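Chain residues, written in single-letter form:
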Amino acid sequence: MENFDFVNPVRILFGKGKIAELGNEIPKDATVMMTYGGGSIKCNGIYDQVMANLKGFNVLEFGGIEPNPKYETLMKAVELCRRHRVNFLLAVGGGSVLDGAKFIAAATHYEGDPWQMVVCGRAEAIEKAIPLGAVLTLAATGSEMNSGGVISRLSTQEKYAFGSPLLFPRFSILDPTYTYSLPAKQVANGIVDAFVHVTEQYLTYPTQSLVQDRWAEGILQTLIEIGPQAMSEPENYDVRANLMWSCTMALNGIIAVGVPTDWATHLIGHELTALFGLAHGVTLAIVLPRLLMETRSEKKLKLLQYATRVWGISGGSEDNRIGQAIELTENFFRELGIKTRFSEHGIGEEQLLPIVQRFASRRWKIGENRSLDAEKIRKILIQSI
Ligand code: NZQ
Ligand code: ZN
């Protein structure tokens, strides 16, 4: 096991009706900015519940944060925060709204162009941030219990991750009933996102981190077990509760301690969203199977472990077991209704080449062994058509 430091200060308020505790979590004299997305919270009643629990607080609202939140939109909120001296942010929504709030929190106090804070992605760039809390409405990203965010810029078609320990939410309210109103495709995207968060931290090389491996496998098996039911029974509380907690556990830092991490599928996926607007979960479902095929020799030991422990594959040659496990992974995504090929999204080779050029010009080498260069990324993309 590798050395590690671990801290996660987020207070999780989990379960039905937990919104009633919202008022206790925010300082009474705070000037609060409540941020939300395109309006789903106004249709499903969550907005009314939040506002009822913010009675007596000084609250400003900022709505209209889009999926894959945009720098251009968020800078308008930054302007308002500066003007009204906002000193608490409450994000009500999915990962995009939460990430947007993290950006607003840091950018409000950032001297210079806040886009630089995102491009450089270094935590040290962020010295001060407005404290924030979250009410989660979509199980997927883990943003509710981590200190990172992902922001896109329309004008340059870029999407980057950033983070700082100052951006952990002070609290997150996780009420599984808040996810009942999600469209099926958002549920599916969320399941894939959480699944791939786990594989990014688990399918690398062994470091004798036995507990972390079992945690990761437990989350993967849970997602496989309840995924289809989460799609077919939207108001099954226990299923939604387990899905929500699986997603949070997949990216709150706990399974990453002491192990190497990959994140190549995510880095390629971010480019696909930035250039084609594909949903985050969809990009991951397209890239992961081919990325695992391309890296199967370096990931061999963990892939074999994955095949046996997660998919119960015992017979056949090593190559065969690995191939089967990758195929079952892709089938799982497809059974959730996700199209895992570029051609199914009308994207061909020519459109993919700018992505390869981006990796080439940035000279990035990604993956746990830094073995994926632009040429290998090209192969992965072409094989995914
Ligand atoms: O905007 P509204 O109207 O609220 O509608 C949203 C949005 O259209 C809708 N929605 C959310 N909750 C709902 C609901 N509709 C009905 N009922 C509800 N209860 O769902 C749509 C998608 O929402 P979004 O927040 O974009 O989805 P998600 O939570 O999947 O977040 C995706 C973003 O998170 C980033 C992604 O890159 C992407 O930008 N990620 C953030 C991470 C992090 N902070 O740690 C890690 C992830 O890897 C990921 O990259
Ligand atoms: Zn993700």
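Residue positions are counted from 1 within each chain, in the order its sequence is given. As they are written, the chains are lettered A onward and the ligands numbered 1 onward, keeping that order. Predicted model: local features are reported for residues with pLDDT of at least 70 only, side-chain atom pairs are reported and counted for 80 or more only, and whole-chain, interface and lining totals are derived from all residues. Side-chain figures throughout are based on the complete set of non-hydrogen atoms in the structure, without hydrogens or water.

### Describing the overall build of the chain
Here comes step 1: A tally of helices and strands in the chain yields 15 helices and eight strands.
Here comes step 2: Taking 2.2 N^0.38 as the reference for a compact globule, 385 residues should give roughly 21 Å; the C-alpha atoms of the chain span a radius of gyration of 20 Å, in line with that estimate.
Here comes step 3: The principal-axis extent of the C-alpha atoms belonging to the chain is close to 65 × 45 × 45 Å.
Here comes step 4: Looking at the chain residue by residue over its 385 residues, the buried ones come to 56%.
Here comes step 5: Carbon and sulfur atoms make up 50% of the accessible area of the chain, which totals about 15900 Å².
Here comes step 6: His is not counted, nor are the chain ends, whereas Lys and Arg count as positive and Asp and Glu as negative. A charged residue contributes its charge at one atom only: NZ of Lys, CZ of Arg, CG of Asp or CD of Glu. Here the chain carries 38 positive and 41 negative side-chain charges, and the mean point of each set is 2 Å from the other. Helix and strand assignments come from DSSP, with helices taken as H or I runs of at least 4 residues and strands as E runs of at least 2, each series counted from the N terminus. C-alpha atoms define the radius of gyration, and 2.2 Å times the number of residues to the power 0.38 defines the globule rule. Each residue is assigned to one of three classes by its accessible area relative to the maximum for its type, calculated with a 1.4 Å probe on protein chains only: buried under 20%, partly exposed between the two thresholds, exposed over 50%. Accessible surface is estimated by sampling points in the Shrake-Rupley manner with a 1.4 Å probe; for residues, cover comes only from the protein chains shown.

### Considering the domain arrangement of the chain
Here comes step 1: Boundaries of every domain are those given by an automatic assignment or by a domain database. Per the domain assignment, the segments making up the chain are domain 1 (11-178) and domain 2 (183-383).
Here comes step 2: Relative to domain 2, the C-alpha centre of domain 1 lies at a distance of 26 Å.
Here comes step 3: Contacts between domain 1 and domain 2 engage 24 residues on the former and 23 residues on the latter.
Here comes step 4: Throughout, buried area stands for the accessible area (probe radius 1.4 Å) lost by two parts on being put together, summed over both. Three residues stand out in domain 1 for area buried against domain 2, namely Q157, K159 and P176, and they jointly supply 27% of the buried area on that side.
Here comes step 5: A 3.5 Å cut-off defines polar contacts: any pair of N or O atoms within that distance qualifies, except that in protein one atom must be a possible hydrogen donor and the other a possible acceptor, and neighbouring residues in sequence count only when both atoms are side-chain atoms. Summed over the shared surface of domain 1 and domain 2, the result is six residue pairs in polar contact (both at pLDDT 80 or more).
Here comes step 6: Elements supplying a minimum of two residues to the side of domain 1 that touches domain 2: β1 (11-14) and β7 (158-163). Residues count as neighbours in contact if any of their non-hydrogen atoms are within 4.5 Å of one another.

### Re the pairing of strand β8 (residues 171-174)
Here comes step 1: The two faces of β8 match: F171 and I173 on one face and S172 and L174 on the other face are all buried.
Here comes step 2: As paired strands, β1 and β8 are joined by four bridges and run parallel to one another. Note that in β8 the partner of L13 across the bridge is I173. DSSP calls a pair of strands paired once it identifies at least 2 bridges connecting them.

### So, the site of ligand 1
Here comes step 1: Around ligand 1 lies a shell of 33 residues, among which G38, G95, S96, K159 and H197 are the nearest.
Here comes step 2: Residue G95 places a main-chain N or O atom 2.7 Å away from an oxygen atom belonging to ligand 1.
Here comes step 3: Side-chain polar atom of D99 to a nitrogen atom of ligand 1: 2.8 Å apart, as the coordinates give it.
Here comes step 4: Each residue is assigned to one of three groups, with Ala, Val, Leu, Ile, Met, Phe, Trp, Tyr, Cys and Pro labelled nonpolar, Asp, Glu, Lys and Arg labelled charged, and all others, Gly among them, labelled polar. Counted by class, the shell around ligand 1 contains nine nonpolar, 21 polar and three charged residues.
Here comes step 5: Residues from two domains meet in the shell around ligand 1; each of domain 1 (11-178) and domain 2 (183-383) gives at least three. Any residue with a heavy atom positioned within 4 Å of a molecule or strand is treated as near that molecule or strand.

### Points about empty space enclosed by the protein
Empty space among the atoms becomes apparent when a probe as large as a water molecule is rolled across them.
Here comes step 1: Site definitions follow a grid-based scheme: protein atoms alone, a 1 Å grid, a 1.4 Å probe that fits but cannot get out for cavities, and for pockets an open set with protein on both sides within 12 Å along at least five of seven lines, plus lining residues having an atom within 4 Å of a point. Grid points are joined across faces, edges and corners, and a volume is the space filled by probe spheres set on the points. Applying the stated criterion to the full structure yields one cavity of 30 Å³ or more.
Here comes step 2: Volume-wise, the largest cavity comes out at about 40 Å³.
Here comes step 3: Lining the largest cavity are Q201, Y202, T204, Y205, Q212, D213, A216, I255, V259, P260 and K302.
Here comes step 4: When contributions to the lining of the largest cavity are tallied by element, the ones reaching two or more residues are α7 (184-202) and α8 (210-232).
Here comes step 5: A per-element tally of the lining of the largest cavity places α8 first, with three residues.
Here comes step 6: For the lining of the largest cavity, the residue count by class is six nonpolar, three polar and two charged.

### Details of the pattern of salt bridges
Here comes step 1: Criterion for a salt bridge: a side-chain nitrogen of Lys or Arg within 4 Å of a carboxyl oxygen of Asp or Glu. Per the stated rule, a full pass over the model turns up 15 salt bridges.
Here comes step 2: A salt bridge links K302 to D213, with the nearest nitrogen and oxygen atoms 3.1 Å apart. Of this pair, K302 sits in helix α12 (residues 300-309) while D213 sits in helix α8; the two residues are 89 residues apart in sequence, bridging distant segments of the chain.
Here comes step 3: Among the residues examined, D213 registers a relative accessible area of 10% and is labelled buried.
Here comes step 4: For E271, the salt bridge is made with R362, and the minimal N-O distance between the two is 2.6 Å. With E271 in helix α10 (residues 264-276) and R362 in helix α14 (residues 349-362), this pair connects stretches of sequence that are 91 residues apart.
Here comes step 5: Among the ionic contacts, a cluster of salt bridges with common partners joins D262, K299 and E368.

### Quick word on the coordination of the zinc ion (ligand 2)
Here comes step 1: On the protein side, the zinc ion (ligand 2) has D193 (OD), H197 (NE2), H266 (NE2) and H280 (NE2) as donor atoms, found 1.9 to 2.2 Å from it.
Here comes step 2: Every donor residue of the zinc ion (ligand 2) comes from the same chain, spaced as D-x3-H-x68-H-x13-H. Taken together, the residues H197 in helix α7 and H266 in helix α10 connect sequence positions 69 residues apart.
Here comes step 3: What makes H197 buried here is its relative accessible area of 2%. Note that water is not among the atoms considered, so a metal site may appear incomplete; the donors listed are N, O and S atoms within 2.8 Å of the metal, with 3.2 Å applied to Na, K and Ca.

### A closer look at the sheet that holds strand β3 (residues 58-62)
Here comes step 1: A sheet is described by the order of its strands in space; here six strands give the open sequence β1-β8-β5-β4-β2-β3, paired in parallel fashion. The open sheet has two edge strands, β1 and β3, and neither has a second partner. Averaged over all pairs of adjacent strands, the angle between strand axes in this sheet comes to 20°, irrespective of strand direction.
Here comes step 2: Judged from the five bridges that link them, strand β2 (residues 31-36) and β3 form a sheet pairing that is parallel. What sits directly across from M33, in β3, is L60.
Here comes step 3: Where helix α5 (residues 95-107) meets the sheet, it contacts β2, β4 (88-93) and β5 (132-136), and its direction lies at approximately 165° from that of β4.
Here comes step 4: Together, β1, β5 and β8 form the strand contacts of helix α9 (residues 237-250), whose direction differs from that of β1 by roughly 170°. Orientation is described by axes fitted as lines to C-alpha atoms, over the contacting stretch for helices, and by angles from 0 to 180 degrees between their N-to-C directions.

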